[in-house]
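An overview of the molecular structure
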Amino acid sequence: MTQFISAKKIAKSYGVGLIAVLTLGVGNVMAEEETIGADEYRMSCLSCHGVGGRGDGPLAKFLTG
């Protein structure tokens, strides 16, 4: 019985692992960007635009159109 593993099998194994790692990493980045965007909206936009973005925030009544 031969103890050698073919280069093709090794490359395939590493390829599957690399795809899994990259996929998980991208998901984390996207979730982080969504959280950052939500924080930015809450700090900069919510007071005028409101929770649903309809312009009914607590400061909207003080804006002139």
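Per an unreviewed UniProt entry, the recorded name for the protein chain is Cytochrome c domain-containing protein, and the organism is Parazoarcus communis.

We now examine the overall build of the protein chain. Looking only at helices and strands, the protein chain has two helices and zero strands in total. Expressed as a percentage of the 65 residues in the protein chain, the buried residues total 5%.

Bringing the pattern of salt bridges into the picture now. Going through the model one piece at a time under the given rule, you end up with one salt bridge. Across the salt bridge formed by arginine 42 and aspartate 39, the nearest N and O atoms sit 2.9 Å from each other. Taken together, the residues arginine 42 and aspartate 39, both in helix H1 (residues 7-44) and three residues apart, mark about one turn of the helix. Taking the relative accessible area as the measure of exposure, aspartate 39 reaches 29% and is therefore partly exposed.

This paragraph deals with the environment of valine 51. For valine 51, the location among the structural elements is in the segment after helix H2 (46-49). For valine 51, a relative accessible area of 76% puts it in the exposed group. Linking valine 51 and tyrosine 41, residues ten residues apart in sequence, is a C-alpha distance of 9.3 Å.

Each value, and the rule that gives it
- Throughout, a residue's number is its position along its own chain's written sequence, starting from 1.
- Only residues with pLDDT of at least 70 get local features here, since the model is predicted, and only at 80 or more are side-chain atom pairs given and counted; chain-wide, interface and lining totals rely on the full set of residues.
- Side-chain figures throughout are based on the complete set of non-hydrogen atoms in the structure, without hydrogens or water.
- Secondary structure counts use DSSP, requiring at least four H or I residues in a row for a helix and at least two E residues in a row for a strand, with both numbered from the N terminus.
- Note on classification: 1.4 Å probe, protein chains only; a residue is buried when its accessible area is under 20% of the maximum for its type, exposed when over 50%, partly exposed between these limits.
- Whenever a carboxyl oxygen of Asp or Glu lies within 4 Å of a side-chain nitrogen of Lys or Arg, that contact is scored as a salt bridge.

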